[in-house]
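# Observations on the model geometry
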Amino acid sequence: MEGLGDHVGLIGENFEANLGRVRGDGSESRSGGSDNVEGASGDEQDIPAGPSSGLRPRQKYHRHTPYQIQELEASFKDNPHPDEKERLALGKKLNLANKQVKFWFQNRRTQMKTQMERHENAILKQENDKLRIENIAMKEAIRAPVCNNCGGQAMVGDISIDEHHIRIENARLRDELDRVSILANKFLGRPLSSFGGSLPLGMGSFNLELGVGRNGYGLNPMDVGLPMGLDYSNGISNVLPLMSPSRPGMMVAGGVGLDLSYEKNMFLDLAMSAMDELMKLGQNNNLLWIGNTEGGGEVLDPNEYTRNFPLCLGMKPHGYVSEASRASGVVMINSVALVDALLNVNQWRDMFLGMIGSSSMIDVISGGTGDSRNGVVQLMQAEIQLVSPSVPARQMRFIRYCRQHAEGVWAVVDVSVDAGREGSTSRRLPSGCIVHDMPNGCSKVMWIEHTEYNESGVPQHYRPLLRSGLGFGAQKWIATLQRHFECIATIMSPDTTIENGSVLSPGGKRSLASLAQRMTANFCAGVCATGGHKWEVVSNEPEAARILIRKSLNNLGDPSGAVLSASMSVWMPIQHQRLFALMLNEELRSKWDVLSPGSAMQNMICLPKTQDLGNLNTISLRANATGPNANQNSVLVLQDSATDVTGSLMVYAAVDVEAITVVMNGGDSSYVALLPSGFAIVPDCVAESGVKAEGEGGSLLTVGFQILVNDLPSSNIKMESVNTVINLITRTVQGIKDVIHSDQQGRQISS
């Protein structure tokens, strides 16, 4: 890439000089520059004759007065090509020699022609950018052609789709190479092939602007609404340094090679376009957004969006639907720390517990400027999930771009790069967050989420939830982010009091919270078949429990053997927050929890995760409250509960007394083996099951269990174990229904 940088510098340094050497005929001949010798325009100074001057005499330069320039400009507007008579009259009027007037007009015509050429060059670049976007759309259409008659996959004659795609790509590259060669020959006086270093493979004319400045940065909040496309109005260098494309066949996590042309320069261009779109979508008083009565926040007007933005990823694939929302909230962290966390794949996954099944870094496209995160571009992949076996996890491969727009103003944008990849059922259009620092150390975060996905794989009763934005939309991201950082601030605060008078050191609270977080993540992974584990489907019948199995051997924090995961989602005729409160009621627990000892349990430790009194967001350690050995339990139950407007989650698992004692003393929690069970509740938004409780909405309940069925990972699973787990989850669901029925009857009697 150093060779490319030298070439770009050469363009910048010698552009004017090369233009000055081009000559026409007659009065159109150009001077060598804006300065002129005696009888021409320029600075009035003596140029001494040096060794290189030879026979050239000393030349005297002259600067015109403002009045002379004003009159000359006025005459130029009327007639850019004055004849000898007109030049004499003008010279007499301005006290200038005929030669001075002649050279001034020549220089002015040269200047105007240069400006026109620059303008034409800018138009050519813009046209090239549009052609490239159209090419991306064509590539997507070629990958999955659809027959207009039957709606199925179409065959492109006797030529394979890949060969057809290669032919189109070759034609485009040849056209691009010809255009760049013509421009290089015109402005540099030599063809492109005469350069000492060649352009990297895959770089066309649309990449030259990356080296000489594009959209700039360091803008104030009023200037961030930049137009889409390229900016030729200034020379501000872009924050993204050029990097050479990675070698073909680069391997990603899991040994899977990239299935797309890995061109870093194209990723940089896409990232900057996505950032421009995100900042436009984040502007206030925008007709693009309308209020969302179901999920809160705002939803995008698709018609306004289509009119105002180009197709960043091409045409929407056949059968896909759009989901776009915007929401804002105050988060208990400053902008720099939040940006650092978003660029760390592990911290990002932990921040959105339950939403991110797994995440990994594929490559760093740009490392930013200096020690700052400004300009960082990363290629990442992740599994984004809703805690339910009925809704498929979204496999995403995307670019993440971070940019600082002003002091205390950051933006992080994601955009998919796997559009049209085989097996992909969704893609993320420019989405992300705009972060503003607040005086109290917190930050105001605006989240924008724009996704297109194949709705055919989503059950009917979950579709209203996804359309409302409470499943994967901006409101979900903001609520989860707020809850995470409030939990950290509350747990680590010295003013936080633990119920029941228990005392935990800061290290003990941190270790206990870390164990609870891992437990919840494992539960969600078991329900959604994510988390980096290799899950095998044992049974997945409609309207029944899904049974999965994975084999664990010497995995830290996992029991060794075959782990069976059973999960089931059902609709319940009760509002989701009311159902969550019933599930947390210890007096009712024995009616639905088939794994409970049958007697009431008490909280040994209850660590709040928010400052609200009586809140339901807690980490607790529970023990049997009755019996002769109540104070000598060998097994305790760790429980983590969380709720917000988008849904609720409660996960619990049995833990060994000795192991949990080490954790509460601040020891390492990663060695504690867990097999979590629990449930997730989300609002149905619009109940489509045909039954709805009076005066309140319904909810969607997911119940899940993980059980060790064999100590040997290599052993085959028996149908007895499968039937036992199915019976277990069926009894649990029926018990919850009985609790709901009793609660509704009691409320009707009391009213």
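Above this text you will find the structure in question.
What comes next concerns the included structure. (Residues numbered from 1 in each chain as written. Predicted model: local features only at pLDDT ≥ 70, side-chain atom pairs only at ≥ 80, totals over all residues. Heavy atoms only, no water.)

On to the pairing of strand E7 (residues 376-384), then. Of all nine residues in E7, nine are buried; the element is thus mostly enclosed. Burial of the side chains of E7 extends over both faces: Val 376, Gln 378, Met 380, Ala 382 and Ile 384 are buried on one face and Val 377, Leu 379, Gln 381 and Glu 383 on the other. Bridge count between E7 and strand E8 (residues 394-406): eight bridges; the pairing is antiparallel. Bridge assignment links Ile 384 to a residue of E8, and that residue is Arg 394. (Buried < 20%, exposed > 50% of the residue type's maximum accessible area, 1.4 Å probe, protein only. Helix = DSSP H or I, 4+ residues; strand = E, 2+ residues; numbered from the N terminus. Pairing = 2+ DSSP bridges.)

When the charged atoms of two side chains lie near each other, side chains of opposite charge can form a pair. Within this structure, the stated rule accounts for 21 salt bridges. The shortest N-O distance in the salt bridge between Asp 644 and Arg 483 comes to 2.2 Å. In this pair, Asp 644 is assigned in strand E18 (residues 635-644) and Arg 483 in helix H12 (residues 474-492), connecting sequence segments 161 residues apart. A salt bridge links Lys 609 to Asp 640, with the nearest nitrogen and oxygen atoms 2.6 Å apart. One end of the pair, Lys 609, is in the loop between strand E16 (601-608) and strand E17 (618-624); the other, Asp 640, is in strand E18, and 31 residues separate them in sequence. What you see here is one network of salt bridges that share partners, running through Arg 400, Asp 414, Arg 428 and Glu 449. (Salt bridge = Lys/Arg side-chain N within 4 Å of Asp/Glu carboxyl O.)

Moving on, we come to the packing of helix H13 (residues 506-528) against helix H16 (residues 657-664). One can describe the packing of H13 onto H16 by two numbers: an axis separation of 7 Å at closest approach and a directional angle of 130 degrees. By the angle between their directions, the pair H13 and H16 is classed as oblique. Two secondary-structure elements touch here, H13 through Gly 508, Ser 511, Leu 512 and Leu 515 and H16 through Ile 660, Val 663 and Met 664. Split by residue class, the contact of H13 with H16 holds five nonpolar, two polar and no charged. (Axes fitted to C-alpha atoms, helices over the stretch in contact; angles between N-to-C directions. Parallel < 35°, antiparallel > 145°, perpendicular 65-115°, else oblique. Contact = heavy atoms within 4.5 Å. Nonpolar A, V, L, I, M, F, W, Y, C, P; charged D, E, K, R; others polar.)

Along its 23 residues, H13 runs 33 Å from first to last C-alpha, staying within 8% of the 33 Å computed at 1.5 Å per residue. Phi turns positive, to about 60 degrees, at Ala 529, one or two residues after H13. (Expected span 1.5 Å × (residues − 1).)

Attention shifts here to empty space enclosed by the protein. The final tally for this structure, using the stated rule, is five cavities of 30 Å³ or more. In this structure, the largest cavity occupies an estimated 210 Å³ of space. Lining the largest cavity are 18 residues, with Val 387, Lys 476, Arg 483, Ser 648 and Leu 649 positioned closest to its centre. Those elements that place two or more of their residues in the lining of the largest cavity are H12, E18, strand E19 (647-656) and strand E20 (677-683). Residues of the lining of the largest cavity, tallied by class, amount to nine nonpolar, six polar and three charged. (1 Å grid on protein atoms, 1.4 Å probe; cavity = no way out; pocket = protein on both sides within 12 Å on 5 of 7 lines; lining within 4 Å. Points joined across faces, edges and corners; volume = space filled by probe spheres on them.)

Glycine aside, negative phi is the norm for most residues, and most peptide bonds take the trans geometry. Phi is positive for Asn 95, close to 60 degrees, though the residue is something other than glycine. By the element assignment, Asn 95 lies in the loop between helix H3 (84-94) and helix H4 (98-143). Overall, Asn 95 belongs to the exposed group, its relative accessible area being 70%. In this structure, Ala 529 is a non-glycine residue whose phi angle is positive, near 60 degrees. Its place among the elements puts Ala 529 in the loop between H13 and strand E13 (536-540).

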